[in-house]
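Analysis of the macromolecular model
Chain by chain, the residues:
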Amino acid sequence: MQDLVTTILGFLQTPLFRNVFWAAVLIIATAAVAKLATKAVSHVLHHDSNPLPTSSIIINIIRALIWIVGGSVVLDSCFGVDTSSLITALGVGGIAVSLGFQDTLSNLIGGLQMTFMGIVKPGDNIEVGTERGVVQDVTWRHTTIKDSLGQTVIIPNSIISKTALVHLLPANRMSVPFAIPRRKTALVEGEIAEGTAATGEADGELVDIDELTAEIIAEAQAAASEISPIIGEPKVFFSEISELGIKGKVILTVEDASKTGDATDAVVRAVARKLG
């Protein structure tokens with residue numbers, strides 16, 4: 001028994017054990033610093049006054065830098081590895097390695113450009129090629145968006161940086177087009193509408209466009225409010241007069257972006273009943 005204790009004590013006093021022990025301590029300390037730093041950075045990124053986007057790529061870069069520094073300290077102080085020469089060797093070999101990781105590097109650089117230039121950030125409603133949706137996150141390799149069906153679409157960062165990017169209206173804002181038949185409207189009070197005979201009798205019901213606009217707003221607001229609360233006052237804009245009538249659109253913003261599709265459906269039905 002005493003020989004066993006002596007052997008254990010002798011092993012505990014060896015340089016190998018001391019190096020492994022201090023390496024473990026430094027690794028634990030590095031992990032703790034990385035965790036605290038990422039929490040602090042995440043808190044700063046989500047602050048209202050922060051100009052940078054809340055993409056996880058920033059947090060991942062800071063975490064990687066902390067681990068690189070911690071690993072260098074462990075190798076240098078505990079195992080006597082010259083990290084400067086190691087970095088030089090990696091730099092020379094990195095040229096060959098980079099040739100095999102062109103897509104990965106392209107995605108990384110594309111993600112950094114989009115993040116620090118503010119091109120894409122979480123919450124943006126974008127369209128890339130045939131895909132459109134709300135940005136959920138930008139990582140070092142890809143950007144994830146959620147489309148109107150709730151599906152998660154993963155797009156490589158290099159594709160976004162090489163493809164035309166369209167910033168759409170906010171996901172919680174809807175624009176519902178409609179057309180008022182010309183025979184039913186009087187653009188100016190007293191004006192003879194199309195289809196009116198010489199006697200002034202119209203071939204249909206004449207309504208004042210301002211009154212009809214107010215009724216459309218009321219119908220749209222009532223329909224959308226049943227799905228999600230309305231933010232701000234709905235507005236109606238007219239764009240052109242065509243053979244179909246007077247074209248316009250009603251614009252609303254709902255509080256819950258996930259219910260925009262249902263609210264749009266309700267508004268379309270309400271406006272169609274009003275104009276039908």
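Position of L16 among the secondary structure elements: in helix α2 (residues 15-45). Remark: the alpha-carbon pair of L16 and F79, spanning 63 residues in sequence, is separated by 8.9 Å.

Once that is clear, we can look at the confidence of the model for the protein. Averaged over every residue, the pLDDT of the protein is 79; residues scoring 70 or more account for 76%. When mean pLDDT is compared element by element in the protein, strand β4 (residues 152-156) scores highest at 93, while strand β7 (residues 185-186) scores lowest at 50. Confidence drops under pLDDT 50 across residues 186-204; counting only partners more than four residues distant or on other chains, this segment forms 18 contacts.

Next up on the list: the nonpolar core. With 18 residues, the main nonpolar core has M174, F178, I216, V250, L252, V267 and L275 as its most contacted residues. Those elements giving two or more residues to this core turn out to be β6 (173-180), α7 (209-225), β10 (245-253) and α8 (260-275). Here the element with the most residues in this core is α7; it accounts for five residues. Residues within four places of F178 in sequence aside, it is in contact with I216, V236, F238, I246, K247, G248, K249, V250, V271 and L275. Ranked by size, the runner-up nonpolar core spans ten residues in total, among them M114, V135, I145 and V153.

Inspection of the entire model under this criterion finds two aromatic pairs. Aromatic pair F178 and F238: ring centres 6.0 Å apart, planes at 85°, arrangement edge-to-face. Linking F178 in strand β6 with F238 in strand β9 (residues 235-242), this pair joins segments that are 60 residues apart in sequence. Under the relative-accessibility criterion, F238 is labelled partly exposed at 34%.

The relative placement of two packed helices is expressed as an angle between their axes plus a distance between the axes. Running from N to C, helix α3 (residues 56-79) and helix α5 (residues 102-116) cross one another at 115°; their axes reach a closest spacing of 10 Å. Note on packing geometry: the crossing formed by α3 with α5 is left-handed. Contacts between α3 and α5 involve I57, I58 and I61 on the former and, on the latter, L108, G111, L112, T115 and F116. For the contact of α3 with α5, a count of residues per class yields six nonpolar, two polar and no charged.

Note: strands within a sheet are paired through backbone hydrogen bonds, in either parallel or antiparallel orientation. The antiparallel open sheet is built from three strands, whose spatial order is β6-β10-β9. Edge positions in the sheet fall to β6 and β9, since each has one partner strand and no second. Neighbour-to-neighbour, the strand axes of the sheet open up by a mean angle of 20°, direction not taken into account. Direction of pairing for β6 relative to β10: antiparallel, over a ladder of eight bridges. Residue pairing in the sheet places S175 in a bridge with I251 of β10.

Here G133 is to be found in strand β2 (residues 131-138). As for G133 and L168, which are separated by 35 residues in sequence, their C-alpha atoms are 8.9 Å apart. Apart from residues lying up to four places away in sequence, G133 is in contact with D124, N125, I126, I145, K146 and D147.

Turning our eyes to something else, we now look at the side chain of T30. Note that T30 resides in helix α2. A polar contact is formed between the side chain of T30 and the backbone oxygen of L26, at a distance of 2.8 Å. Every residue in contact with T30, bar those within four places of it in the chain, is listed here: I66, W67 and G70.

Moving on: the sheet that holds strand β3 (residues 142-146). The strand order across the open sheet formed by five strands is β4-β3-β2-β1-β5, and the pairing between neighbours is antiparallel. For this open sheet the edge positions go to β4 and β5 (165-167), each flanked by a neighbour on one side alone. Sheet twist, expressed as the average angle between the axes of neighbouring strands with direction ignored, equals 45°. Pairing of β2 with β3 involves four bridges; the strand directions are antiparallel. By the bridge assignment for β3, V135 is matched with I145.

So, on to the environment of A224. Position of A224 among the secondary structure elements: in helix α7. Placed 29 residues apart in sequence, A224 and T253 show a C-alpha to C-alpha distance of 9.2 Å.

Reading the values: the criteria
Residues numbered from 1 in each chain as written. Predicted model: local features only at pLDDT ≥ 70, side-chain atom pairs only at ≥ 80, totals over all residues. Heavy atoms only, no water. Helix = DSSP H or I, 4+ residues; strand = E, 2+ residues; numbered from the N terminus. pLDDT = per-residue confidence, 0-100. Contact = heavy atoms within 4.5 Å. Core = buried A, V, L, I, M, F, W, Y, C linked by side-chain atoms within 4.5 Å. Buried < 20%, exposed > 50% of the residue type's maximum accessible area, 1.4 Å probe, protein only. Phe/Tyr/Trp six-rings, centres within 6.5 Å; stacked < 30°, edge-to-face > 60°. Axes fitted to C-alpha atoms, helices over the stretch in contact; angles between N-to-C directions. Left-handed = near helix turned anticlockwise from the far one by under 90°. Nonpolar A, V, L, I, M, F, W, Y, C, P; charged D, E, K, R; others polar. Pairing = 2+ DSSP bridges. Polar contact = N/O pair within 3.5 Å; in protein donor to acceptor, adjacent residues only side chain to side chain.

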